[in-house]
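Summary of the model geometry
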Amino acid sequence: QVQLVESGGGLVQAGGSLRLSCAASGRTVSTYNMGWFRQAPGKEREFVATIIGGGNTYYADSVKGRFTISRDNTKNTVFLQMNSLKPEDTAVYYCAASLKVYYSATYYFTNQVYDYWGQGTQVTVSS
């Protein structure tokens, strides 16, 4: 069992940066495959980034080159550094943990494989 708590969201102007944190209690994040998802009003939850296995990272095309996912095992925390933010990045951001193991990383792009979810943190980017 693990509990996830996100923080770091807020209001930022376009072009600005935010760093989201996801603090885990229970098992260490190094034993999980971790992901970030987001959900904008009226839209489905979508994949943002994932860090799996020994630290391989993958990103949605819409955030590639702007967002960075990382993991600090000593703090049992996963981060999402978001730079060059755009109004279309506005959403509630969720972190998630999966114990499932797949040979293909693409499975971790889908929310169905994740076992635990945080409550979400709001990110609003003004134009």
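See the structure above.
Just so it is clear, the model here is predicted, and its values are computed rather than measured. (Residues numbered from 1 in each chain as written. Predicted model: local features only at pLDDT ≥ 70, side-chain atom pairs only at ≥ 80, totals over all residues. Heavy atoms only, no water.)

**What to know about the overall build of the chain**
Along the chain, the regular secondary structure elements total zero helices and 11 strands. Written out in order from the N terminus, the α and β elements of the chain read β-β-β-β-β-β-β-β-β-β-β. The C-alpha atoms of the chain give a radius of gyration of 13 Å, which matches the 14 Å a tight globule of 127 residues would have. The buried share of the chain, reckoned over its 127 residues, is 45%. Partitioning the contacts of the chain with sequence separation of at least 6, the portion at a separation of at least 24 is 60%. (Helix = DSSP H or I, 4+ residues; strand = E, 2+ residues; numbered from the N terminus. Rg over C-alpha atoms; globule rule 2.2 N^0.38 Å. Buried < 20%, exposed > 50% of the residue type's maximum accessible area, 1.4 Å probe, protein only. Contact = heavy atoms within 4.5 Å.)

**Quick notes on the side chain of Thr 77**
With respect to the helices and strands, the residue Thr 77 is situated in strand E8 (residues 77-82). A relative accessible area of 9% means that Thr 77 is categorised as buried. Among residues more than four places away in sequence, those in contact with Thr 77 are Ser 21, Cys 22, Ala 23, Val 29, Ser 70, Arg 71 and Asp 72.

**Quick look at the packing of aromatic side chains**
For the structure on display, the rule yields 10 aromatic pairs. Relative to Tyr 107, the ring of Tyr 102 has its centre 4.3 Å away and its plane inclined at 15°; by these criteria the two rings are stacked. Using a relative accessible area of 29% as the deciding quantity, one classes Tyr 102 as partly exposed. Judged by relative accessible area, which is 42%, Tyr 107 ranks as partly exposed. Judged by centre distance (6.5 Å) and plane angle (70°), the rings of Tyr 108 and Tyr 114 are edge-to-face. Looking at Tyr 108, the relative accessible area reads 2%, which means it is buried. Three or more aromatic residues joined by ring pairs form one cluster here, namely Phe 37, Phe 47, Tyr 58, Tyr 102, Tyr 107, Tyr 108, Phe 109, Tyr 114 and Trp 117. One Lys or Arg, Arg 45, reaches over the ring of Tyr 94 and ends 3.9 Å from the middle of that ring. Its end group placed over the ring of Trp 117, Arg 45 keeps NZ or CZ at 4.7 Å from the ring centre. (Phe/Tyr/Trp six-rings, centres within 6.5 Å; stacked < 30°, edge-to-face > 60°. Lys NZ or Arg CZ within 6 Å of the ring centre and 35° of its normal.)

**A closer look at the nonpolar core**
The biggest cluster of nonpolar side chains holds 39 residues, and the ones touching the most others in it are Leu 4, Met 34, Trp 36, Leu 80, Met 82 and Tyr 93. Mapped by element, the contributors of at least two residues to this core are strand E1 (2-7), strand E3 (18-26), strand E4 (33-39), strand E5 (46-52), strand E7 (67-72), E8, strand E9 (91-98) and strand E11 (121-126). The residues touching Leu 4, leaving out its near neighbours within four places in the chain, are Cys 22, Ala 23, Ala 24, Met 34, Cys 95, Ala 96, Ala 97, Tyr 116, Trp 117, Gly 118 and Gln 119. (Core = buried A, V, L, I, M, F, W, Y, C linked by side-chain atoms within 4.5 Å.)

**Looking at the sheet that holds E8**
Strand order in the open sheet made by the four strands is E1-E3-E8-E7, with antiparallel pairing throughout. Among the strands making up the open sheet, the edge pair consists of E1 and E7. Strand-to-strand twist in this sheet, taken as the mean axis angle between neighbours without regard to direction, amounts to 15°. When E7 meets E8, the two strands line up antiparallel, connected through six bridges. Within E8, the residue paired with Ile 69 across the bridge is Leu 80. (Pairing = 2+ DSSP bridges. Axes fitted to C-alpha atoms, helices over the stretch in contact; angles between N-to-C directions.)

**Considering the state of the cysteines**
On inspection of all chains with the given rule, the structure shows one disulfide. Disulfide pairing is shown between Cys 22 and Cys 95; the S-S distance is 2.0 Å. On the sign convention where negative is left-handed, the bridge of Cys 22 and Cys 95, at about 50° about the S-S bond, is right-handed. Here Cys 22, found in strand E3, pairs with Cys 95, found in strand E9; they are 73 residues apart in sequence, far enough to count as distant. Each member of the pair, Cys 22 as well as Cys 95, is classed as buried. (Disulfide = S-S within 2.5 Å.)

Remember, this is a structural readout, not a statement about activity or role.
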